[in-house]
Every structure is written in structure tokens, then in C-alpha cells.
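Notes for the structure review
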Amino acid sequence: MDDMRGTTGNLAATTTKITASGVQVHYGQSHALKDVSVDILDRAVTAFIGPSGCGKSTFLRCLNRMNDTIPSARVTGKILLDGEDIYDPRVDPVQLRAKVGMVFQKPNPFPKSIYDNVAYGPKIHGLTRNKAELDEIVEASLRKAALWNEVKDRLDAPGTGLSGGQQQRLCIARAVATGPEVLLMDEPCSALDPIATAQVEELIDDLRSQFSVVIVTHSMQQAARVSQKTAFFHLGNLVEYADTPQIFTNPKDPRTEAYITGRIG
Amino acid sequence: MNTAHILTAFDRDLEAAQALVVRMGGLVEAALLDAAEALDTRDEDLAARVRAGDKAIDALEDEINTRCALLLALRGPTAGDLRTVLTVMKIAAALERAGDYAKNLAKRTAALAQMAPVPGASASIRRLAKAVVQMLTDALDAYIRRDLKLAEDVRARDREVDQMYNSIFREFLTHMMEDPRTIGPCMHLHFIAKNIERVGDHATAVAEQVIYLVTGSLPEDERPKVDSTGSGA
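Residues numbered from 1 in each chain as written. Chains lettered and ligands numbered in written order. Predicted model: local features only at pLDDT ≥ 70, side-chain atom pairs only at ≥ 80, totals over all residues. Heavy atoms only, no water.

Turning next to the overall build of chain A. Scanning chain A from terminus to terminus reveals 10 helices and 10 strands. Taking 2.2 N^0.38 as the reference for a compact globule, 265 residues should give roughly 18 Å; the C-alpha atoms of chain A span a radius of gyration of 18 Å, in line with that estimate. Dimensions of chain A, computed from the C-alpha atoms along their principal axes, are close to 55 × 45 × 35 Å. Relative to its full complement of 265 residues, chain A shows a buried share of 53%. Put simply, of all contacts in chain A between residues at least 6 apart along the chain, 67% involve residues at least 24 apart. Of the accessible surface of chain A, which amounts to about 11600 Å², a share of 51% is contributed by carbon and sulfur atoms. Counting 29 positive and 31 negative side-chain charges, chain A places the centres of these two groups 4 Å from one another. (Helix = DSSP H or I, 4+ residues; strand = E, 2+ residues; numbered from the N terminus. Rg over C-alpha atoms; globule rule 2.2 N^0.38 Å. Buried < 20%, exposed > 50% of the residue type's maximum accessible area, 1.4 Å probe, protein only. Contact = heavy atoms within 4.5 Å. Areas by Shrake-Rupley, 256 points an atom, 1.4 Å probe, with all protein chains shown as cover. Lys, Arg positive; Asp, Glu negative; His and termini not counted. Charge placed at Lys NZ, Arg CZ, Asp CG, Glu CD.)

Before going further, it helps to examine the confidence of the model for chain B. Low-confidence regions, as indicated by low pLDDT, have predicted coordinates that should not be scrutinised in detail. Per-residue confidence for chain B averages 91 on the pLDDT scale, and 94% of its residues sit at or above 70. Scoring of the predicted complex yields 0.80 for pTM and 0.72 for ipTM. (pLDDT = per-residue confidence, 0-100.)

Here we take up the interface of chain B and chain A. On the side of chain A, 14 residues touch chain B, which itself brings 16 residues to the contact. Taking both partners together, chain B and chain A bury about 1100 Å²; carbon and sulfur atoms supply 49% of that area. At the boundary of chain B and chain A, one finds one salt bridge. One salt bridge in this structure joins D81 of chain B and R263 of chain A, with 3.1 Å as the shortest N-O distance. If you look at where chain B meets chain A, you find 10 residue pairs in polar contact (both at pLDDT 80 or more). Of all elements in the fold, only α1 (8-41) and α3 (79-113) of chain B reach the threshold of two or more residues within the side of chain B that touches chain A. (Buried area = accessible area lost by both parts, 1.4 Å probe. Salt bridge = Lys/Arg side-chain N within 4 Å of Asp/Glu carboxyl O. Polar contact = N/O pair within 3.5 Å; in protein donor to acceptor, adjacent residues only side chain to side chain.)

Ordered by their spatial adjacency, four strands build an open sheet running β2-β1-β4-β5 (chain A), and the pairing between neighbours is antiparallel. Each edge of the open sheet is held by one strand with a lone partner, namely β2 (30-41) and β5 (84-85) of chain A. (Pairing = 2+ DSSP bridges.)

To continue, consider the packing of helix α5 (residues 148-178) of chain B against helix α6 (residues 183-215) of chain B. Describing two packed helices takes the angle between their axes plus the distance from one axis to the other. All names here are of chain B. Packing of α5 against α6 brings their axes to within 9 Å, and their N-to-C directions diverge by 170°. One finds that α5 runs roughly antiparallel with respect to α6. Partitioned by chemical class, the residues of the contact of α5 with α6 number 19 nonpolar, five polar and eight charged. (Axes fitted to C-alpha atoms, helices over the stretch in contact; angles between N-to-C directions. Parallel < 35°, antiparallel > 145°, perpendicular 65-115°, else oblique. Nonpolar A, V, L, I, M, F, W, Y, C, P; charged D, E, K, R; others polar.)

Structure representation (C-alpha cells):
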């Protein structure tokens, strides 16, 4: 089934980027994620949907070990990025997060200039040797985030002075500056107005030509608009994972149907 | 999907659209029965009422389309809800066409009333009409009850209707060859038979929409066509 914006590209040509198998997460006594196994494709947008507390953000945070920062969290099971176990003790989580970037719900630019916001990651990871190279990365990242034309004349202005939608695109530029392979987005548009949302969605559609994008969203229409694969989580379980057109026209599991048609909260 | 929406207005809108399509189905069934009756008994008053009644059927289709457009625009239905809206629109379109055929039968009744009866024709047509109206009734029942089996059955029965039409076609051909004075009435009667056969196709379309509504996909196998008249589908 083709949609008009062409977001349902040919998935046959893509390969698996992340393989999760038997992933369980406990926060202390509470069992937040129960035995989740899923293959996430490269060069495609995968949407995680489900009611609040269903485990979708928890699972997203497993993919770049953000749950490591929560003392009570315990993650078991296997998550492979390009076939390598990201929970292997030899893996440096900081290096991992450069490869698996993240964009959060509320735009959270550093209280620095637009330029420094984007340059920060490449600097601390030592990705550049001189100012010219850094300039190049900053410009390329801002272009990828579809923000360059709006900010090129005021790169020294504070990032916090931008509009909400621009701030979010700045955060996306910051995330892509370290040359990631996977971009995780946790409700990236929930604080944006409809126009800024459309711009970020358009950007997400562009980004999938270079990255594997995983987006958590409460807006089912957004999942339908931007993703090629959709995973529905409920009560810590991955209920259904399928091509997005399939999920929204003819889901197999009655719980998925009940959720997307607005029958359970 | 029996559970109600969290948003009750959504349920109300969906149910209203479906109630309209069922009402439309009732009007079309009645129009077809009346048209067949008028033809059989040469009742011109009844035929006139059928012709006038088509306006109400068309108006219902318009109202259904308007409501479905609003549902799509305002509620953003997905999955089973989406299929419900899509099937309501398609069933309404099929019923509207079936209604037009009833109207056409009634028009030809007036013309036929001026001509000499063709022996045996009215019994054959009555049988064909009965089979087709039953198909439509069953297709609508299958819709109301989401009855996959009945829908499949209606779909299979279209084959019998095609066969009945083919034999009527041959019957009329024989009459016309034997006695050229029957050509006028036989042509009208042939169009009547063809139109009733087409109503069968629309009843089949309704049944196929029921299958789509319940399973999420249309039947893939080509429906068996038995048309040896060479007049096309």
C-alpha cells in the first residue's frame, strides 16, 4: 500500500540494524518490560506506540543504554547493534550514545550558542582536528536538520533564543553531529505546534535515507505518517510489530485494534 | 470489536452512518419487489411510485457520503472503524445503482403495458427477480450480522443468477426468431432481465464489502462468471 508522501518506501532492500531478543527491564520490584524481541531496520523509521506506562520509552532507552543512568533499573536479554552486543562490558556507553543518538520530548538546547550546541559532541568525541573541519560538521549537521538556512547568519546567537520547533531541530542537528547510525526520538513533537511538527516530520522522513530512526509517539496519526514499521506496546509487552499500513488498516491483535481505534487508554 | 470508543460521539457517528445504509437497503429491496410486482401485474400506478421513490434512495446516498466525509475528516478512523466507513460508502454506492435499476424496470413496465405479452416471459423474470432480491436481502443481513458465511454464500449464488439470465436470453432469442412481432417487447424484457442480473452483481459487491469489513481483505479468487451471451459483464 503506497501513501501519497511516499513514506512507505521499499523495505525489502533494508537490513536489520538492531536485533533485540528477550529484553526484560525491572525498575526495582516493577516489571516494566516483558520479554521483548524485535528487529529494527536500517534506513527506515520505526514507531513505538502504546498508552502511557506501556514500556515503549523504557525499551527505547534500552537501545542506547540510557537506563544505565537509573540506579534501580535492571536490563536483561540481548540487544545487538550490527550484530554486536551493546551490553557487553567492553562497550563504552558514551561511545555507544555517539552512535545511537537521542532526541527528547522537550527541546533541550545547551545554554550556549547555536554553533556550540552542534559543535559540542564532535569536540568531546575528538572527531575533528581543526576549526575548519568543525565548521564543516556544524554546517552539514544543521543542513541535515533543515535548520541551516534559518540560522546561518546568527550562529553565535544563543540556542535557547530559537523558537520551539527550531530548538527541536537544533537538538536533532546536535544528535546527528556525532555521526550516529541510529536516532532515537522520544516524543520529539509533543511540545511543538502543528507547523513545527510538520517540519520535524518532514525532517524525519529525510533522515531515514541515512539513519535508522526509532520514534516514540503518543500521536497515532504521527506514527502513521512518518513510520514504515510500527510496534504496539501494552502493559510491558510488545503486542504487535508490523508494517505501518498493516497496523493502521488491519491489525492482527484485538488489543492493537482497540488502542488505535480509541477504545482503550 | 464490541467495546465502545472512549469518545462516545465517535460511536454515535459510526452507528448513524450504518443505520442509514441499512435504511437505504430496505428502500432498495422494496423498490425492486414493487418494480417486479408492477411488471408482473402490469400495475402502472405501482410502477409510477417506484419511479418517484428513487429520489429518496439517492438522497440517502448523499447523506451517507456527507456523514462519511465528516467521519474521515473529524475522527480519523483506523483499522475496523476505517473499514466500516469505507464499506458504508461502497455499499451505499452499490445500493444506489440497484435503486436505479429498479427505477428502470418501472419505466419499462409502462412501455410494456402497451404491448402484447410474451408467453412464459413473466414467470422467468419473476424467478430471476426473486433470486436477486433474496441475494440483496441476504447481503444486507450478512452486513448487519457481520456474517462471513452468508456473504460467501451470496457471492456464490451470483453464478446461478448469471445462468438464469443466460437461459432467459436464449428464450427471448427463440421468440424473436419465431415471431418478429415479439421483438419490441422482447427487447424491453431483455433489458429488464439484464438489469435484474446487474442488481445481482451489486448484491455481490455488497457481500464482498462484508468480507472486506470482517477480514480486512477482499476475496482474491476471481468470481466465476457464466455469461455465454457474449454481451459482456
